[in-house]
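Inside the fold
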Amino acid sequence: MAASALTPARFARVLGACLAICALVLLVTPFIGSAHVDYQKALAGEPPHAQILFEARLPRVLLASLVGGALAVAGVLFQALLRDSLADPYTLGVSSGASLGAVLAICLGWRDTGSIPAIWIAALVGAAAALLVVMGMASFGRRVSSFSLLMSGVTVNSIVIAVILLLQNVATFAQSFAIIRWLMGGIDAVEYRTIAALAAILAPVLVYLVWSARSWNLMAAGEEWAATRGVATTKLMWSGLLAGSLITGSVTAITGPIGFLGLIVPHALRLRLGADHRVLIPASFFIGAAFLAICDTVARTALAPADIPVGVMTAMLGGPFFLWLLRHRQKRYWS
Amino acid sequence: MKRWLFILSVLSPLEAGQRIVSTSPGITEILFALGLGDRVAGVTSYCRFPDEARRLPRIGSFLDPHLETILELRPDLVIVQKNPVRLTERLRAVRLRVLEVNPESMQGVHEAIAAIAAAAGVPDRGRQLSERMRSELNTLGERAGRLPRTKVVFFVGRTPGTLDGLIAAAKGSYLAELLEIAGGDNIFADAPAAYPKITHEELLARNPDVIIDMGDSTHTGVISEEHRQAVIRLWSRYPVLNAMRNRRVYPVADDRFVIPGPRMAQAVRLFGKLLHPEVSW
Amino acid sequence: MSAFVEIEGVSYAYNGRLVLDAVSASFEAGELAAIVGPNGAGKSTLLQICTGLRAPLSGACLYQGREIGHWPRRTFAQQVAFVPQTLQMPFPFTAEQVVLMGRSPFGDGLFESAEDIAAAEQAMAATDCLGFRGRDFRALSGGERQRVILAAALAQSPRVLLLDEPTTFMDLKHQVAIYSLLAGLRAQGMLVIAVTHDVNLAAAYADRVLMLKDGRVEAFGPARDVLCEQNIRRVFEVDCALLRQPDGGVWIRYGR
């Protein structure tokens, strides 16, 4: 059970364990796949073995782990921000905003803008726009409250989804096909520079979040509680909102929405490690990363050569485990 | 009296001058190919072939038909392509005569031609049309049969501007049937669905000689040179693919690939040119 | 030289309804003051203004001569601690984790210092929380939670302690223990201001009492002057009798 005061030793022990799990998964999953790869030949750079391993499989594993870690952290953050353990990275409409951007790009036929696909840029802009609307609606003067955020987030979410449905309805057949594909979400092999760019966005946000984790503990316990313990609550909320949206927006732009993970990973870890965000945030990153890498490995191999949308796997693998965890927890609680 | 008229109209085959509404582009093409163009009273907003069809009243789209517009056209017969919006049931509920067809495969197209021709009272024209198409396809098939088979993949969709979410035409799809006739060897023939999303890994391992990419064609129509270059740039990420090495990645955008219908021989001929440019088609 | 905590003509309104009307009072270090009054008198609002959670509509609330809104939040939190009635906790923090949160105005790093841990330990011992320190805060009884919240405030080692109905859910033993604890803190020089509706606890422990009704000060002064029969009848609208105890204390009997 969770010890209370967080000592550097416990911090290192718990995160060491999570990191080890993540590392193990990242070491093993690139060696699992549907196509036959001769690893000696791959290391010698021989086609197609080298390309399958280094250009198709490895980037996919890396992207899945980054995205999984990012979404789990975004889940923790939005749960603390909204003080609601049922919140997830999509509650505030950031990802539907991203979806709307992508759908618009598809409908208007926006194509390349040089090196970055137009659809990613449009999705990022959509996420930012949704965030601005939510923040504008939720703030009274300079103050913002969890409740008003939740309400305006849910509202913006439904409006944006309605617009997406409308656009899909007026789109051509090929367009609505592309829209549905995008809304299903999924991990694919992207180029290494995309992965590097995503990591460059995520790293500082993660460091900031761990650094401000004690404030998030107070915030999770209540805005007044935090304010009377010296936390600049409004500033913290704005920066948290920005951080969470940056994570969700950039990830969603590349992969489309991937559900469930941002909800269950933080929740499962909270049951196991307690609520302290200093542990919860980095642990969620590592376990989220491992979890999505595993889900994606199943998604790309189970029905090969077909690819299952990874959101299907997160729900199908994560759901039963989560139910078991809750049940187990209840038993312990009552006995 | 009215009831008797209604029953009569249900029983009798259609006569010239009666009004037919089509609810899919494939059905529209069949109607015109059967020489019934002058009876067509309404088409969908996606019906762009033949040109005459573009000038007809629109009843919405395949997935979003407007019931009221259909009623306003006072059709004697509505031909419905089997679809998920329960259009047939809804039309029958308002006592319209409905013919449901399912031209989603080559066999389905021939059956649809026969059914539509029979309902319009011109069964002979239906037989003739099918016969003509079969013999044309036979000729093409024989020509392709003498050639080595070309490993090919046809991508019907992907996330525009990226190589994410590649959807291939696999076994059981109409496109796979056409490619087969044109001398193609579909590398995803074993996939568990007709239109699966496929992994890059498997694409690299199976290494097609030809990639036909309809993925960016959000507006079906013509491919500009600029667009063609953009698609090639995307694929240049995998120079190890035979299709890239031999410059045989073909961006396409053509209604004939997505509308199963009387123009299937033309589609096969287009494929033949891409798969075997060394012979004349 | 102004008072330690000074409330100067403070007014406050919710949606246009005035809940505090030109309230003035001042408190000194080393006293235990009680704010009493019926429901809706504005007691909690006044306390929240003293904690800086709300800014007064007009008037001013000063701590050490400086307006509370002008204090840097952290510095203020190092000196003034607030004990809310309850804490709606959505996540499984343990009792000890909640207490340790009180130390956050003092630390900059990721981890609590040895000093922080010692302060929390002492606060938990003082409020009798050690027995359930490792339990989920949400699984505690109402009284236990209130003790944990109080411990968190004590861990802040404040110079001013503001409490909103701190003993509502506690059993008699702990009510008495907590008020004795507050009296002890007062003796060490702390200013303790507690909102309560229990006039007997106020009479037994408070040095001075601020009596509010409908957002106005009805009486403010030494407990034995303010808690007289006329004031209680007028403010609480109940019949009552003041019973003098042999040891000099009073017992207020109300109702039947």
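Just so it is clear, the structure is predicted and the values come from calculations on it, not from any experiment.

Remarks on the overall build of chain A
Regarding its fold elements, chain A presents 14 helices and 2 strands. Counting only C-alpha atoms and orienting by the principal axes, one finds that chain A spans roughly 60 × 50 × 35 Å. Residues classed as buried in chain A amount to 60% of the 335 residues present. Looking at chain A as shown, the accessible area adds up to about 13,100 Å², and 73% of this sits on carbon and sulfur atoms. The averaged location of the 13 negative side-chain charges in chain A is 13 Å from the averaged location of its 22 positive side-chain charges.

Let's talk about the sheet that holds strand β1 (residues 20-22) of chain B
All names here are of chain B. If you trace the 4 strands from one edge of the open sheet to the other, you get β2-β1-β3-β4, paired in parallel fashion. Only two strands of the sheet have a single neighbouring strand rather than two, namely β2 (40-42) and β4 (98-101). Strand-to-strand twist of the sheet, defined as the mean angle between neighbouring strand axes without regard to direction, takes the value 30 degrees. Pairing geometry for β1 and strand β3 (residues 77-81), over 3 bridges, is parallel. Looking across to β3, one finds that Val21 is bridged to Val78. Docked against the sheet, helix α6 (residues 106-119) engages β3 and β4, running at close to 165 degrees with respect to β4.

Notes on the interface of chain A and chain B
Listed per partner, the contact involves 41 residues of chain A and 38 residues of chain B. Summing both partners gives a buried area of about 3,300 Å² for chain A against chain B, and 59% of it is carried by carbon and sulfur. At the boundary of chain A with chain B, the tally comes to 4 salt bridges. We note a salt bridge from Asp307(A) to Lys197(B), for which the minimum N-O separation is 2.6 Å. In this structure, the connection of chain A to chain B is made through 12 residue pairs in polar contact (both at pLDDT 80 or more). Every element with two or more residues in the side of chain A that touches chain B is listed here: α3 (49-82), α4 (94-107), α5 (118-138) and α7 (173-184) of chain A. Among the elements that make up the side of chain A that touches chain B, the one with the highest residue count is α7(A) (7 residues).

What to know about the confidence of the model for chain A
Close inspection of predicted coordinates is inappropriate in any region flagged by low pLDDT. Chain-level pLDDT for chain A is 89 on average; 94% of the residues reach the 70-or-more range. The element-level mean pLDDT for chain A is lowest in strand β2 (residues 143-144) of chain A, coming to 68, with helix α13 (residues 277-301) of chain A highest at 97.

Considering the interface of chain C and chain A
Often, the extent of an interface is quoted as the loss of accessible area upon association of its parts. Contact residues are listed per partner, giving 41 residues for chain C and 36 residues for chain A. Our count for the chain C to chain A interface comes out at 1 salt bridge. Close ionic contact of Arg278(A) with Glu112(C) constitutes a salt bridge, the shortest N to O distance being 3.1 Å. Along the contact surface separating chain C from chain A lie 8 residue pairs in polar contact (both at pLDDT 80 or more). Only α1 (43-51), α2 (73-79), β6 (80-83), α3 (95-101), α4 (114-126) and α5 (142-155) of chain C provide two or more residues apiece to the side of chain C that touches chain A. When residues of the side of chain C that touches chain A are assigned to their parent elements, the largest contribution, 5 residues, is made by α3(C).

Thoughts on the domain arrangement of chain B
All names here are of chain B. On domain assignment, one finds that chain B holds domain 1 (2-123) and domain 2 (147-275). Contact with domain 1, which involves 12 residues of that partner, is made by 12 residues of domain 2. Interface area for domain 1 against domain 2, summed over the two sides, is near 1,100 Å², with a carbon-plus-sulfur share of 65%. The largest contributions to the domain 1 side of the interface with domain 2 come from Glu29, Arg48 and Met106, which together make up 48% of the buried area. Taken together, the links from domain 1 to domain 2 amount to 2 salt bridges. The closest approach of N and O atoms between Arg263 and Glu29, which form a salt bridge, is 2.6 Å. One can count 3 residue pairs in polar contact (both at pLDDT 80 or more) joining domain 1 with domain 2. Only α2 (25-33) and α6 provide two or more residues apiece to the side of domain 1 that touches domain 2. It is α2 that provides the largest number of residues to the side of domain 1 that touches domain 2, a total of 5 residues.

Reading the values: rules and limits
Residue positions are given per chain, counted from 1 along the sequence in the order it is written. Lettering of chains starts at A and numbering of ligands starts at 1, both following the order in which they are written. It should be noted that, the model being predicted, local features are given only for residues of pLDDT at least 70 and side-chain atom pairs only at 80 or more, the latter also being counted only at that level, while totals for whole chains, interfaces and linings use all residues. Derived side-chain values reflect all non-hydrogen atoms in the structure, with water molecules and hydrogen atoms excluded from consideration. The numbering of helices and of strands both runs from the N terminus, where a helix is a DSSP run of H or I of at least 4 residues and a strand a run of E of at least 2. Only protein chains enter the accessibility calculation, which uses a 1.4 Å probe; a residue is then buried when its area is under 20% of its type maximum, exposed when over 50%, and partly exposed in between. Computed with a 1.4 Å probe, the accessible areas rest on the Shrake-Rupley method; for each residue, only the protein chains presented here act as cover. Under the convention used here, Asp and Glu are negative, Lys and Arg are positive, and both His and the chain ends fall outside the count. Lys charges are placed at NZ, Arg charges at CZ, Asp charges at CG and Glu charges at CD. Strand pairing is assigned whenever DSSP identifies at least 2 bridges connecting the two strands. Angles shown run from 0 to 180 degrees and are taken between the N-to-C directions of axes, each axis being a line fitted to C-alpha atoms and, for helices, limited to the stretch in contact. The contact criterion used throughout is that any non-hydrogen atoms of two residues lie within 4.5 Å. What counts as buried area is the accessible surface, traced by a 1.4 Å probe, that two parts surrender upon association, with contributions from both included. When a carboxyl oxygen of Asp or Glu is within 4 Å of a side-chain nitrogen of Lys or Arg, the pair counts as a salt bridge. N or O atoms within 3.5 Å of each other form a polar contact, as long as, within protein, one can give a hydrogen and the other can take it, and as long as residues adjacent in sequence are counted only when both atoms are side-chain atoms. Known as pLDDT, the predictor's confidence for each residue is given on a scale from 0 to 100. Per the annotation, domain bounds derive from an automatic or database assignment of domains.

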